[in-house]
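Descriptive structure summary
Single-letter residue listing:
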Amino acid sequence: MEGQLYRRLAPEESAELRLQPQDSEKAKTFVHAFLKRSMPKMKDEAIQDMLTRKAVVLEHYHKKQTKQKRKKTKGFTAKQRRELRLFEIEPEQQRYAIFLPLHELWKQYIRDLCHGLKPDAQPHMIQSKLLKADLHGAIVTVTKSKCPSYVGITGIILQEFKHIFKIITKEDKLKVVPKLNNVFSLELDGFISYIYGSKFLLRASERSAKKFKLKGTIDL
């Protein structure tokens, strides 16, 4: 039985299977090249040692796939934002009445945030929540300022940046008020909160993680 398995094929059988008969040296060369491709990390001496000492179990060689780094999408630069006028409000849209619904939404947002603004609510708790809340839509008043012309300005906050508020007044005038050296007040359901702009020089998205001191300061 073993002789039948390992016997050489007859010429007519090789022709029928379309095989080219090879001598022993060619067979050895082929086997060595095949093993070299199958086990590229092994040296020739190690391959030869495996052939003479034990049976060889061929494993499929997986090529390591290099991970492609994902390209981060770049946002607009400050210059591009200015050129596209992304943060500019058109003159025909600068109407106080247009933004009153936004103020109503803001009031409901604050009531939900402060669990209803009940009369027995702790003022310091409301103050801490207001300082971290989104102020777009809030009605604020400049109560103190080193520049007298800012005092008394009242309106709805349309945009908040790191250093300024953009406020629309009842006279349909868009005011750009700096935070620095100004004190703002906002009132909702009888609660009045004061914001010291000099301690408020943050973007709206950064205030949620900021720890504020609830005690006021006389410094503007």
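I will try to describe carefully the structure that is included in this document. Computed from a predicted model, the values in this text were never measured in an experiment.

1. Considering the overall build of the chain
For the chain, the helix and strand inventory stands at 7 helices and 6 strands. Secondary structure elements in the chain, listed N-terminal to C-terminal, are α-α-α-α-α-α-α-β-β-β-β-β-β. The burial tally for the chain puts 26% of its 220 residues in the buried class. Put simply, of all contacts in the chain between residues at least 6 apart along the chain, 45% involve residues at least 24 apart. Taken as a whole, the chain presents about 17200 Å² of accessible surface, with 55% of it coming from carbon and sulfur.

2. Observations regarding the pattern of salt bridges
Two side chains bearing opposite charge may form a pair once their charged atoms approach each other closely. In this structure the tally under the stated criterion is 4 salt bridges. Salt-bridge contacts for Glu160 lead to Lys179; the nearest nitrogen and oxygen are separated by 3.0 Å. Residue Glu160 is located in strand β2 (residues 154–160), and its partner Lys179 is located in the loop between β4 (174–178) and β5 (182–188); the two are separated by 19 residues in the primary sequence.

3. Regarding the environment of Phe200
With respect to the helices, strands and loops of the structure, Phe200 is situated in the segment after β6 (191–196). For the pair Phe200 and Lys162, spaced 38 residues apart in the sequence, the C-alpha separation amounts to 8.2 Å.

4. Side note on the nonpolar core
Of all hydrophobic cores here, the largest spans 24 residues; its most connected members are Trp106, Ile110 and Leu135. Put simply, the parts of the chain that give this core at least two residues each are α6 (100–113), α7 (123–132), β1 (139–145), β3 (164–168), β5 and β6. Filtering out sequence-adjacent residues up to four positions away, Leu135 remains in contact with Trp106, Leu130, Ile157, Glu160, Phe165, Leu186, Ile195, Phe200 and Arg207. Ranked by size, the runner-up nonpolar core spans 6 residues in total, among them Phe99, Ile156, Leu158 and Ile168.

5. Some details on the pairing of β6
Side chains Phe191, Ser193 and Ile195 of β6 all project onto a buried face; the interleaved residues Ile192, Tyr194 and Tyr196 project onto a face where none is buried. Strand direction decides the pairing type here: β5 and β6, joined by 6 bridges, are antiparallel. What sits directly across from Ser185, in β6, is Tyr194. Here β5 folds back onto β6 in antiparallel fashion, the turn holding 2 residues, of which Asp189 has a positive phi close to 55°.

6. Quick word on α7
Here α7 has its buried residues at Ile126, Gln127, Leu130 and Leu131. End-on view of α7: buried residues confined to an arc of 135°, all on one side of the axis. Buried-residue contacts for α7 involve α6, β5 and β6.

Cut-off values and rules
Residues numbered from 1 in each chain as written. Predicted model: local features only at pLDDT ≥ 70, side-chain atom pairs only at ≥ 80, totals over all residues. Heavy atoms only, no water. Helix = DSSP H or I, 4+ residues; strand = E, 2+ residues; numbered from the N terminus. Buried < 20%, exposed > 50% of the residue type's maximum accessible area, 1.4 Å probe, protein only. Contact = heavy atoms within 4.5 Å. Areas by Shrake-Rupley, 256 points an atom, 1.4 Å probe, with all protein chains shown as cover. Salt bridge = Lys/Arg side-chain N within 4 Å of Asp/Glu carboxyl O. Core = buried A, V, L, I, M, F, W, Y, C linked by side-chain atoms within 4.5 Å. Pairing = 2+ DSSP bridges. Arc of directions from axis to C-beta.

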